[in-house]
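What follows is each chain in one-letter form.
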Amino acid sequence: MKIIGIETVRLRSRTTVIWVRVHTDDGLVGLGETWFGCAAVEADIHERIAPALLGRDSSVIETLNRQMRPYVGFAGTSAEMRALSAVDIALWDLAGKRARQPLYALFGGAARDRIPDYNTCAGPEYLAASSDVRPQNFGLTDASERTSHVFDDLNGFMKRPEAVAAELLEMGISAMKIWPFDFAEGASDGLDISTADLKIALAPFARIRKEHREAMRIKAELHGLWSPAAARKICAALDDYEVDWIEDPIWMDQLDHLPAIASATRAPVAAGETLGGAGQFRELMQRGVSVPIIDPSWGGGITVARKVASLAEATARPIAFHDCSGPVTLAACAHLAIACPNVREQEIARGFYFGWYRDYVDAPTTLENGFLLPSAGPGLGLELVADLFKGDDAIVRTSNAAPMLAKLVDDRVDHGSG
């Protein structure tokens, strides 16, 4: 069960996702994943985390999670926290494989056999080439109708929102998340939004609501771009469309303003995907956030996500697991969502799911009639496809125990000869 190697894989063709594989001396390999700043994450895994974990017992996940907690970058979703998160997911995958049980069985068993999903309306090339979350990196095309890309939902919600909603309803998906406010001129600094831009951004909500009434629930994503004053203006305007929640309405270093934001709207406020560690989520809930959102591949791994879910449950709140990331993160979220009793639904991006997930893993989490069904196989229930490691596209880096053991032998020889 000892860790003998830690391997990272990232791609030149899709720069924003990185996978980690943790190898143990009993022949098992655990798989993890995170998103954004992949070169920095890779460096932290091999330069800081690997020396601390090589030779350690992989089964003591709580201890190892604490061991990986950095001195700098210990809060939020820093490169260090994302590196920790990816390795933590891999350690849980190892635990499931060793027990020959799906992860949800290790979490206390399934609270349900499937979980409803909601669709985040990103296209397949959304943030594929850059970690800079701005419209120029959203993968937009000029086409007004669906392009050759499968489910180009970002173009869709801007240009044909009623049709996208109809497609989702036909798939059994009755909730969708959109972010038209990102395209407002004022989003560049977030200080204010003009009346004209506010009207443009509200149009997709109005069109969906007019066509589909209450059949489609709509979530508003604000991406933490706005000042408190601008956020209050947006939140008040959204009340006319009975949105399901308003997500990350303000700059997320301005948590003291959250109570005022929550009072400016009838909709629940959801927040947290850019935060990490249980302490930050406790602060969110103390300030009136109705739905805390954690990304297991950003905020501290499965270990921390479970703790945040328990904090939410203890205060009669639902927990939501973020996924607009990758197939391994979705698998981890599905196992968590099935096991946690206070999960209402699980996020997916069908543009990702049908667009590129199958290029990289052998068995994406099952999506069926608007529900996610986690694998009943051991651990996460999926592996990277073998071809991922071949060719010039892959950047593979490995840290293994051999140099560490060799140094240990050398030190003993030197000590004995002295």
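Here the structure is shown first, and the text comes after it.
For the structure given in this document, a descriptive report is provided here. Note that this is a predicted model, so its numbers are computed, not measured.

### Some words on the packing of helix α6 (residues 161-170) against helix α7 (residues 195-212)
Then, in step 1: In contact at an axis separation of 8 Å, α6 and α7 are set at 50 degrees when each is read in the N-to-C sense. Judged on the interaxial angle alone, α7 and α6 are oblique. Considering how the two elements wind past one another, α6 and α7 form a crossing that is right-handed. Along its contact with α6, which presents P161, E162, A165, A166 and L169, the element α7 presents P204, R207, I208, E211 and H212.
Then, in step 2: In terms of residue class, the contact of α6 with α7 is made up of six nonpolar, one polar and three charged.

### A look at the pairing of strand β4 (residues 115-120)
Then, in step 1: Taken across its six residues, β4 has five buried, putting it largely inside the fold.
Then, in step 2: Where β4 meets strand β13 (residues 371-373), two bridges bridge the pair, whose relative direction is antiparallel. The residue bridging I115 from the neighbouring strand is L372, located in β13.
Then, in step 3: Of the strand pairs in this sheet, β4 and strand β11 (residues 346-348) are connected by three bridges, and their pairing is parallel. What sits directly across from D117, in β11, is Q346.
Then, in step 4: By the bridge criterion, two bridges tie β4 to strand β5 (residues 175-178) in an arrangement that is parallel. The partner of T120 across the bridge, within β5, is K177.

### As for the layout of surface pockets
Then, in step 1: What the largest pocket holds in volume is close to 610 Å³.
Then, in step 2: Broken down by class, the residue content of the lining of the largest pocket amounts to 14 nonpolar, eight polar and nine charged.
Then, in step 3: Taken as a whole, the second largest pocket holds about 200 Å³ of empty space.
Then, in step 4: In terms of lining residues, the second largest pocket is bounded by 13 residues, among which N65, R66, R69, V304 and K307 are the most central.

### Notes on the packing of helix α2 (residues 61-68) against helix α11 (residues 301-314)
Then, in step 1: At their nearest, the axes of α2 and α11 sit 9 Å apart, and the two run at 105 degrees to each other. With respect to each other, α2 and α11 are oriented roughly perpendicular. Contact residues: α2 offers I61, E62, N65 and R66, while α11 offers T303, V304 and K307.
Then, in step 2: Among the residues forming the contact of α2 with α11, the class breakdown is two nonpolar, two polar and three charged.

### Thoughts on helix α1 (residues 38-53)
Then, in step 1: Where α1 bends most, the angle comes to about 35 degrees, and this point is I45.
Then, in step 2: Buried residues of α1: C38, V41, E42, D44, I45, H46, I49, A50 and L53, and no others.
Then, in step 3: Turning to α1, the residues buried within the fold contact β1 (3-11), β2 (17-24), β3 (29-35), α2, α3 (79-99) and β14 (394-400).
Then, in step 4: Backbone geometry just downstream of α1 places G55 in the positive-phi region, at approximately 90 degrees.

### As for the sheet that holds β14
Then, in step 1: An order of β3-β2-β1-β14 is seen for the four strands of this open sheet, with the pairing classed as antiparallel. Taken across any chain shown, the strands that pair with only one partner, and hence form the sheet edges, are β3 and β14. Across the sheet, the mean angle from the axis of one strand to that of its neighbour is 20 degrees, orientation sign disregarded.
Then, in step 2: Its contacts with the sheet place α3 against β1, β2 and β3, and it is angled at close to 150 degrees to β3.

Quick notes on the rules
Residues numbered from 1 in each chain as written. Predicted model: local features only at pLDDT ≥ 70, side-chain atom pairs only at ≥ 80, totals over all residues. Heavy atoms only, no water. Axes fitted to C-alpha atoms, helices over the stretch in contact; angles between N-to-C directions. Helix = DSSP H or I, 4+ residues; strand = E, 2+ residues; numbered from the N terminus. Parallel < 35°, antiparallel > 145°, perpendicular 65-115°, else oblique. Left-handed = near helix turned anticlockwise from the far one by under 90°. Contact = heavy atoms within 4.5 Å. Nonpolar A, V, L, I, M, F, W, Y, C, P; charged D, E, K, R; others polar. Buried < 20%, exposed > 50% of the residue type's maximum accessible area, 1.4 Å probe, protein only. Pairing = 2+ DSSP bridges. 1 Å grid on protein atoms, 1.4 Å probe; cavity = no way out; pocket = protein on both sides within 12 Å on 5 of 7 lines; lining within 4 Å. Points joined across faces, edges and corners; volume = space filled by probe spheres on them. Bend = angle between axes of the 7 residues up to and from the residue.

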